[in-house]
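# Secondary and tertiary structure notes
Letter by letter, the chains look like this.
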Amino acid sequence: MELFGIAATQLGLFVGFGLLIGTLFGFFGMGGSFLVTPALLVMGYDSTTAVGSGLAFVFGTSVIAALRHRDHGQVDYKLGLMFIVGMTAGIEVGKEIVYLLKGLGFADLVVSLSYIGLLATVGLFMLRDARTEDTGESGEDPAIAQKLQAFEIPPMVTIKGGTQVSLWLALAMALVIGVLSGFLGVGGGFLLMPAMMYGLGVPAAVAVGTDVFQITASGAFGAFTYGMSGAVDLSIVLPLLAGSAMGARIGAGATALVDEDEITGYFAAMLLAGAAAVASKNLGNTYNMEILNQISMALIFGAALLVSSAIIWASIKSIREQTDGGEQNDTSTAAD
């Protein structure tokens, strides 16, 4: 009876956690393995099972979220395929750089500092953008995107929103993100979304949907690789997916309701929390202070819970405002 209670508790924990991660994944196009893998490690699972099950979960959630974004017209398939090609090549280059640094004995230090620096830099940049009052009011693309779009090297490709970009520019950008992903050992979602927004002028919601679409390819490959070696635990993956099936739909649907600046602001908050968490974890390992490792996990999961709650609340508020506006219009029409 006691074992049944423990199993039921763990099942409920995985379903609830899947709902939380699915909401973030559907809304941002990132956050899956960023949270799932460390959580499984803390729960006592070995590293290969944690990584393999995390990748299988990310694949399943990305399919659900991509279908939802497709329903909202928020996926640019041409751009997604270009990023899949460029990032795949870049990841291999990034891995070789890591092995080179490992041979020199600097890999752990350089990767950790680079990860913290990138998270903090991108997070602060996007936070500043979200707080700029005139952002998006003129309808113009960001300044960086306008400069990059000036490089009209054929063939030119039209992306969602009507903007034309050079195929070679998109592939070069994907290659750079792929190198960083392979170097840092992450999926690249936290780099891909802002790169599309600020580098190519893609609307935030379309950037998220396209990001989720390309993750289905990388997630499928990773899940298949680990699954063939028996490192995917279905007793973990299935309840996580049960929760994320609803969460991914909520998160993806929220991108059609929440203001673009709010999407940017929430994303920045997650990145800054991630930077603080990784810094805390590295300090904890360096100085053998377990309290810092606990703070690291609290930052990650606390930020995930707060941000996902804020996303749901903002969506509910938007629906209420639309409903109230519709009722007022109906009333005024009836009065006329």
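Summary of the structure given here. Predicted, not measured: the structure shown is a model, and the values here were computed from it.

Within the chain one finds twelve helices and two strands. Reading the chain from its N terminus to its C terminus gives the helix and strand order α-α-α-α-α-α-β-β-α-α-α-α-α-α. Within the span of the chain, comprising 336 residues, buried residues form 45% of the whole. Excluding contacts between residues fewer than 6 apart, the proportion of contacts in the chain whose partners are at least 24 apart in sequence is 78%. Counting only carbon and sulfur atoms, one obtains 66% of the accessible surface of the chain, whose full area is about 16500 Å².

Taking 1.5 Å as the rise per residue, helix H5 (residues 107-131) with 25 residues should run 36 Å; its terminal C-alpha atoms sit 36 Å apart, in good agreement. Buried residues of H5: Ala-107, Val-111, Ser-112, Tyr-115, Ile-116, Leu-119, Val-122, Gly-123, Met-126, Asp-129 and Ala-130, and no others.

Our focus in this paragraph is the packing of aromatic side chains. Applying the stated criterion to the full structure yields three aromatic pairs. The interplanar angle of 55° and the centroid separation of 6.2 Å between the aromatic rings of Phe-27 and Tyr-266 together place this pair among those described as tilted. Residue Phe-27 is located in helix H1 (residues 2-28), and its partner Tyr-266 is located in helix H11 (residues 260-287); the two are separated by 239 residues in the primary sequence. Here Phe-27 matches Tyr-266 in class, with each residue buried.

Rules used throughout
Residues numbered from 1 in each chain as written. Predicted model: local features only at pLDDT ≥ 70, side-chain atom pairs only at ≥ 80, totals over all residues. Heavy atoms only, no water. Helix = DSSP H or I, 4+ residues; strand = E, 2+ residues; numbered from the N terminus. Buried < 20%, exposed > 50% of the residue type's maximum accessible area, 1.4 Å probe, protein only. Contact = heavy atoms within 4.5 Å. Areas by Shrake-Rupley, 256 points an atom, 1.4 Å probe, with all protein chains shown as cover. Expected span 1.5 Å × (residues − 1). Phe/Tyr/Trp six-rings, centres within 6.5 Å; stacked < 30°, edge-to-face > 60°.

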